[in-house]
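Summary of structural features
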Amino acid sequence: MNERYSPERLWRAYRHCWFVVARSCDIATPQKARLLDQDLVVFRDAQGVARVTDRRCIHRGADLSMGKVTDKGIQCPYHGWAFNGENGECTDIPALCDGATIPGNAKIRSYPVIERFEHVWTCLDEPLMDVPNPPELDGAEWTWLPAAPIPARCGFMAATENFRDMAHFPFVHEVSMGEVSPLVPKLEVARDGRRLGASFRYERVEGSTFSDIGDAWMHYHSYAPGFAAILYEYDTAGKRYLVDFPTPVSYGECIIHWAVAVDKDFTGGSVEEILAIETVVFDEDTPVLEGLNPPEVPLAGQALEVSCAADVYTLNYRRATMYVVDHILDQLDARDAARIPAAEV
C-alpha cells in the first residue's frame, strides 16, 4: 500500500481543506455536524454571523447543538454556560456569584467560516486551500436553491467521482434519463493543479424529463478534493448550474451537499423545477454508492481497480486530489522539519 495516501495521511491533509457543514438556511437554530470524525455545531449568532465550534461543552460534556443562541453566545443546555462563536471563549456562567471569575481555560475551539453557494463552509485547521469560486459563474445573475443534504454510506471522494462520471448514465439513470447511449466520446480533460474540466455534449432523449429542455453542453468543472459542478449550456434555453460538495463525515461515510442555480435568462423552468429533476437523479445514485466495495476511493491501492479510456475524467480527478494532498503534506512536513533542532536532524 502507498502510505503517502493512506487514510490517516489523507485525513491530515483534509483538515486544511474547506468543507460544507450546513445549509445557510438551516442555522437559525444550532445544527449538528460531523467533519472528519469531529463533532461540530453550526449556528448563526445574535449578530447574524455564521459560526462553527466544537459541539462538546468543556464544562461537563453536554451537546451544544441542543442549546440555544443568546446575546452572550451559544448557551449550553445543561448548565447555561455560554460561548462566543467567534473565538470559543466562555462569556457567561450563570451559577457564579458576584465577584467570581470565569476560569481562564473555559474555552471551546472555534473554526473559520465562509458562506458560499447558500452553504456554510469550515476548515478544521489552518486553511491551505481556498473555497472554490468558479469563473464560469461570472457575468450572469444566478438564482440559487440549496438541496436537502443526502447522508450516504460511502466516502466523499467516491460521491464526488460519481457526480462527474458519464459512463453510468444509461445504467443508474435509466428511469430519469431514458435510453442514453452507453458510449462515452473521447474527452479532452484539462487539469491545472487541483482544478480540472471537460465538456460533454448531451442530446435530448425522447420521453425523458431530465432532457426535455433540449440539447445542451455539459461543462464539467471540479476542484479537488471535494467540489464538482456542471454548467448546463442549452442551445435554446440558456444556462443552469449544478454543484455538488460531499462532506467527509468519516472514512466510509459522507453527506452529499448540493445546490442548483438558474440564470435570469433561463427559460427551461424554475429553480424549484430544476431541483426536483436533479433530486430524482441523486436518489438513483445513492443506493449504488452505498454498495461500493471499498466504500471510498482506494488512493493508497487498498483494492485492485481496472480502468478504461472512458474513465479519463475520474483518473484526472484522482491526480488532482493527490496534488492537493501532496501540496498540503509537503508544507506540513517542511514546518515539522523546521521545528526540529539541527542537532536532532
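Overview of the structure.

Bringing the overall build of the protein chain into the picture now. Scanning the protein chain from N- to C-terminus turns up 6 helices and 19 strands. Taken over the C-alpha trace, the protein chain has a radius of gyration of 22 Å; the compact-globule value for 345 residues is 20 Å, and the two agree within 12%. Projected onto its principal axes, the C-alpha coordinates of the protein chain cover approximately 75 × 55 × 40 Å. Per-residue burial for the protein chain yields a buried fraction of 52% across its 345 residues. For the protein chain, the proportion of contacts with a sequence separation of at least 24, taken over those separated by at least 6, is 60%. Separation of charge centres in the protein chain, based on 32 positive and 52 negative side chains, amounts to 6 Å.

Burial of helix α2 (residues 156–163) is extensive: 8 of the 8 residues sit out of reach of the surface. All buried positions along α2 are accounted for by Phe-156, Met-157, Ala-158, Ala-159, Thr-160, Glu-161, Asn-162 and Phe-163.

Attention now goes to unusual backbone geometry. Ala-224 connects to Pro-225 through a cis peptide bond whose omega is 10°. A positive phi angle, near 50°, is found at Leu-36, a position not held by glycine. Position of Leu-36 among the secondary structure elements: in the loop between β2 (31–35) and β3 (38–44). Phi is positive for Phe-117, which is not a glycine, with a value near 60°. Residue position: Phe-117 is located in the loop between β10 (113–116) and β11 (119–122). For Phe-117, a relative accessible area of 7% translates into the label buried.

Turning our eyes to something else, we now look at the environment of Leu-10. If you trace the backbone, Leu-10 turns up in helix α1 (residues 7–14). The spatial distance from the C-alpha of Leu-10 to the C-alpha of Val-131 is 18 Å, given a sequence separation of 121 residues. In contact with Leu-10, not counting residues within four places along its chain, are Tyr-5, Leu-299 and Val-325.

Ordered by their spatial adjacency, 3 strands build an open sheet running β1-β11-β10, and the pairing between neighbours is antiparallel. With one partner strand each, in any of the chains shown, β1 (19–23) and β10 form the two edges of the open sheet. Neighbour-to-neighbour, the strand axes of the sheet open up by a mean angle of 35°, direction not taken into account. Pairing of β10 with β11 involves 4 bridges; the strand directions are antiparallel. What sits directly across from Val-113, in β11, is Thr-122.

Of all hydrophobic cores here, the largest spans 77 residues; its most connected members are Tyr-14, Phe-169, Tyr-202, Ile-256 and Trp-258. For this core, the element with the most residues is helix α6 (residues 312–339), which contributes 8 residues. If we ignore the near neighbours within four places in the chain, the residues touching Tyr-14 are Phe-19, Leu-36, Phe-156, Met-157, Pro-225, Thr-321 and Val-325. Grouped together as the second largest cluster of nonpolar side chains are 17 residues, Trp-121, Cys-123, Tyr-223 and Phe-245 included.

As a further point, take the pattern of salt bridges. Tallied over the entire structure, the rule returns 26 salt bridges. With a closest N to O distance of 3.3 Å, Asp-39 and Arg-55 form a salt bridge. Taken as a pair, Asp-39 in strand β3 and Arg-55 in the loop between β4 (50–54) and β5 (68–70) lie far apart in primary sequence, 16 residues in all. Relative accessible area serves as the criterion here: at 34%, Asp-39 is assigned to the partly exposed category. Relative accessible area serves as the criterion here: at 12%, Arg-55 is assigned to the buried category. Ionic pairing is found between Arg-201 and Asp-235, a salt bridge with its closest N-O pair at 2.6 Å. In this pair, Arg-201 is assigned in strand β15 (residues 195–202) and Asp-235 in the loop between β17 (227–234) and β18 (238–250), connecting sequence segments 34 residues apart.

Between the first and last C-alpha of helix α5 (residues 271–289) there are 26 Å, a value that for 19 residues agrees with the 27 Å anticipated at 1.5 Å per step. Every buried residue belonging to α5 is among Val-271, Ile-274, Leu-275, Ile-277, Glu-278, Val-281, Phe-282, Glu-284, Asp-285, Thr-286 and Leu-289, and all of these are buried.

What follows covers the packing of aromatic side chains. One pass over the structure, following the stated rule, counts 24 aromatic pairs. Taken together, the ring pairs connect Phe-117, Trp-121, Trp-142, Trp-144, Tyr-223, Phe-227, Tyr-241 and Phe-245 into an aromatic cluster. The ring of Tyr-317 has Arg-164 sitting right over it, with the charged end atom 4.8 Å from the ring centre. Taking NZ or CZ as reference, Arg-240 lies 3.7 Å from the ring centre of Tyr-232, over its face.

Cut-off values and rules
- Residues numbered from 1 in each chain as written.
- Predicted model: local features only at pLDDT ≥ 70, side-chain atom pairs only at ≥ 80, totals over all residues.
- Heavy atoms only, no water.
- Helix = DSSP H or I, 4+ residues; strand = E, 2+ residues; numbered from the N terminus.
- Rg over C-alpha atoms; globule rule 2.2 N^0.38 Å.
- Buried < 20%, exposed > 50% of the residue type's maximum accessible area, 1.4 Å probe, protein only.
- Contact = heavy atoms within 4.5 Å.
- Lys, Arg positive; Asp, Glu negative; His and termini not counted.
- Charge placed at Lys NZ, Arg CZ, Asp CG, Glu CD.
- Pairing = 2+ DSSP bridges.
- Axes fitted to C-alpha atoms, helices over the stretch in contact; angles between N-to-C directions.
- Core = buried A, V, L, I, M, F, W, Y, C linked by side-chain atoms within 4.5 Å.
- Salt bridge = Lys/Arg side-chain N within 4 Å of Asp/Glu carboxyl O.
- Expected span 1.5 Å × (residues − 1).
- Phe/Tyr/Trp six-rings, centres within 6.5 Å; stacked < 30°, edge-to-face > 60°.
- Lys NZ or Arg CZ within 6 Å of the ring centre and 35° of its normal.

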